[in-house]
Amino acid sequence: MLWLPPTTTYMSTLREKFLSYRVHRHQDSVAYGEIYDLFADRIRRFLAFKLPRNEDADELTSEVFLRGWEYMTSGAVNNLNAFFFRIARNLVADFYRKYKATEELSYASEKDTGQSVSDEVATKIESDELIESLRGLKDEYREVLVMRYLSEMEVGEIASALEKTSNGIRVLLHRAKKALQEKTKL
Amino acid sequence: MTNIAAQLRAVKNQPKAGGFSVAEHTAAKRSLMLAIGADISQPSAAPAVNLKTRYILWLSHSFVSRPIAIGVAGVVLAVSGLMTTVNAAQQSIPGDALYTVKLINERAQLQLASLDRKAVLHTEFAERRLNEVSQLQSDTSGRDTGLVAQTINAYTQEVASANQNLHELQASGDSTTVATANAVQQNLVALDSAMTNTVGPAASAEESVAVSSAQSTTQVAQDDSVNVAVQAHQDVASEQSTRELNDMFLRQFAAIGTRKTFDIHRLSVIRSLLSDRADVLSALSIITASDLLRLERSVNIAVADVAPSISAVALGNYRSAFDALKHAESLLRGIESVIADAEIAITAALMNAPDAAPIIEPLVVSQPVDPPFAPPVQ
């Protein structure tokens, strides 16, 4: 294996390829469990910042991985990262299509109670403020910041998840940080 | 800026930051596994080890066995493609696109061959050149007319190379020299008669020069192969070299006998034509009955000289035996050229005769025409 480029990204891509192959060819649920371990957290975060309640995020996260299993056992998937985020985005769009019609009121009340619970500790307030400012950013800025600093994804991974170029992601990150900084100073 | 990044990193484990806690993650995973129908009652360690082994197997399959299989398949395809091309090239003649491949293939064979095999190979390639010449001559697709002379020269070159290899082999004192010389000589005899029978009449001065050069080179090479064999046997005599020389001698001896019978037959055909068509032929005085008798006697004398050579062989005196054969052969060659001249003249006369009857059997000119024959003085 000495002739392989010694980057961990390459090895992890290789590992994902193997797991994807196991799921596709052998319906290997253990392999799918490993895939879940790799991607569940970042998908959960992505959804948590897109959806009004954590319960919604939980529900959609399990829905993403159920659909993922269905797709992966019937067809080969090349880029798992992009694959799961695409499912997640589609589910979010579906969610709001239904939500706008029925649950506008309950969202507003839930959001209020969510804030009031965390008013206890001073440090917590600070961090909550930061997260709230993050929520106040526009979608594309929030997405990259969450992926880069909360999910700790590499720029290349974010690019593949959002189906953009790495350079585009770097520019976006730069602007998003600037925007967040201005928001927190206010 | 870095401050913002650090602050964000610091809050990543807050419940509001959207991440799973370990307990949440495990619970969610468990329900997912149930939902996709996995058997989660199994101890988790066993399948994990299993998956690791499978990963290593998969890696070795992806990066070792598959590339090797693909590589091998590629090599097989390339080689079989090459073999097909080389095989197709065997049928090509000068001027064809694949002819170069044929020549390269021959050079490659020569490069790989040992010296004794090289000499024989050169005579085999010479035979190919002769076949190409006859194909070129019957070819009507309007090829370069210079190709015939070029191919004849290539033939001459092959024969000369065979001869040179044979001398090199003798100089190296190789034990296979006599056997090789025998094989080469046999091929050269075949080439000599093939040249007469398959190569058509020269179409240009260039071609006739090439043909006469090819004939003399073949003749010289034949003589040389005999000399090499005899010399090598004299240097180091062995059971095998004796057997090879005997074989060589018997073959040539038998060939002389066959030629004698054939020549006598030709003379008797001429004699019967002279008497049957005396009306046309007697006035022309191409050849007289007494000339025919004289020629017949010369043939018998030439061959009679060969008889004692058998006893020379028995005594191991190959040099004089082959010299006798060579002498008889050159005498026969001279006689045959006179017979051939007479045959051609008679054929022409009969065809021009007012009541020209169709010639029933064409008169075969089996030997190349040599300088005029001087009958031996009795």
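Parameters and conventions
Residues numbered from 1 in each chain as written. Chains lettered and ligands numbered in written order. Predicted model: local features only at pLDDT ≥ 70, side-chain atom pairs only at ≥ 80, totals over all residues. Heavy atoms only, no water. Patch = residues over 30% accessible without salt bridge, like charges linked within 9 Å, V, L, I, M, F, W, Y side chains within 5 Å. Areas by Shrake-Rupley, 256 points an atom, 1.4 Å probe, with all protein chains shown as cover. Salt bridge = Lys/Arg side-chain N within 4 Å of Asp/Glu carboxyl O. Helix = DSSP H or I, 4+ residues; strand = E, 2+ residues; numbered from the N terminus. Buried < 20%, exposed > 50% of the residue type's maximum accessible area, 1.4 Å probe, protein only. 1 Å grid on protein atoms, 1.4 Å probe; cavity = no way out; pocket = protein on both sides within 12 Å on 5 of 7 lines; lining within 4 Å. Points joined across faces, edges and corners; volume = space filled by probe spheres on them. Contact = heavy atoms within 4.5 Å. Buried area = accessible area lost by both parts, 1.4 Å probe. Polar contact = N/O pair within 3.5 Å; in protein donor to acceptor, adjacent residues only side chain to side chain. Nonpolar A, V, L, I, M, F, W, Y, C, P; charged D, E, K, R; others polar.

*Asks:* Describe a nonpolar patch on the surface, and please don't skip the residues or the numbers.
*Replies:* Residues and elements named next belong to chain B. Taken together, the side chains of Val64, Ile68, Val72 and Val76 define a hydrophobic patch exposed on the protein surface, amounting to about 350 Å² of accessible area. Here Val64 is to be found in helix 3 (residues 45-89). By relative accessible area, which is 44% here, Val64 ends up partly exposed.

*Asks:* Give me empty space enclosed by the protein: which residues, what numbers.
*Replies:* Residue and element names in this part refer to chain A. Summed over the entire model, instances satisfying the criterion amount to two cavities of 30 Å³ or more. Here the largest cavity defines a volume of roughly 50 Å³. Lining the largest cavity are Arg45, Phe46, Phe49, Lys50, Arg142, Glu143 and Val146. Where the lining of the largest cavity is concerned, the elements lending two or more residues are helix 2 (29-48) and helix 7 (139-150). It is helix 7 that provides the largest number of residues to the lining of the largest cavity, a total of three residues.

*Asks:* Give a description of the pattern of salt bridges that names residues and reports values.
*Replies:* Residues and elements named next belong to chain B. What the rule picks out here adds up to 35 salt bridges over all chains. Taking the shortest distance from any N to any O, the salt bridge between Glu132 and Arg129 comes out at 2.9 Å. A residue pair is termed a helical-turn pair when its members lie 3 or 4 positions apart in one helix, as Glu132 and Arg129 do in helix 5 (residues 115-138) at three residues. Arg129 shares its class with Glu132; the two are buried. The network of salt bridges with shared partners includes Lys102, Glu106, Arg107, Arg128, Arg129, Glu132 and Glu158.

*Asks:* Explain the interface of chain B and chain A residue by residue, including any values.
*Replies:* Taken together, the 32 residues of chain B in the interface contact 54 residues of chain A. Of the roughly 3,900 Å² buried between chain B and chain A on both sides combined, carbon and sulfur atoms contribute 70%. For the pair chain B and chain A, the number of links is two salt bridges. The closest approach of N and O atoms between Glu152(A) and Lys12(B), which form a salt bridge, is 3.2 Å. Where chain B packs against chain A, one counts five residue pairs in polar contact (both at pLDDT 80 or more). Counting only elements with at least two residues in the side of chain B that touches chain A, the list comes to helix 1 (2-10), helix 2 (22-35) and helix 3 of chain B. Classifying every residue of the side of chain B that touches chain A by side-chain character gives 20 nonpolar, six polar and six charged.

Note that every value here comes from positions in space, so none of it alone points to a role or purpose.
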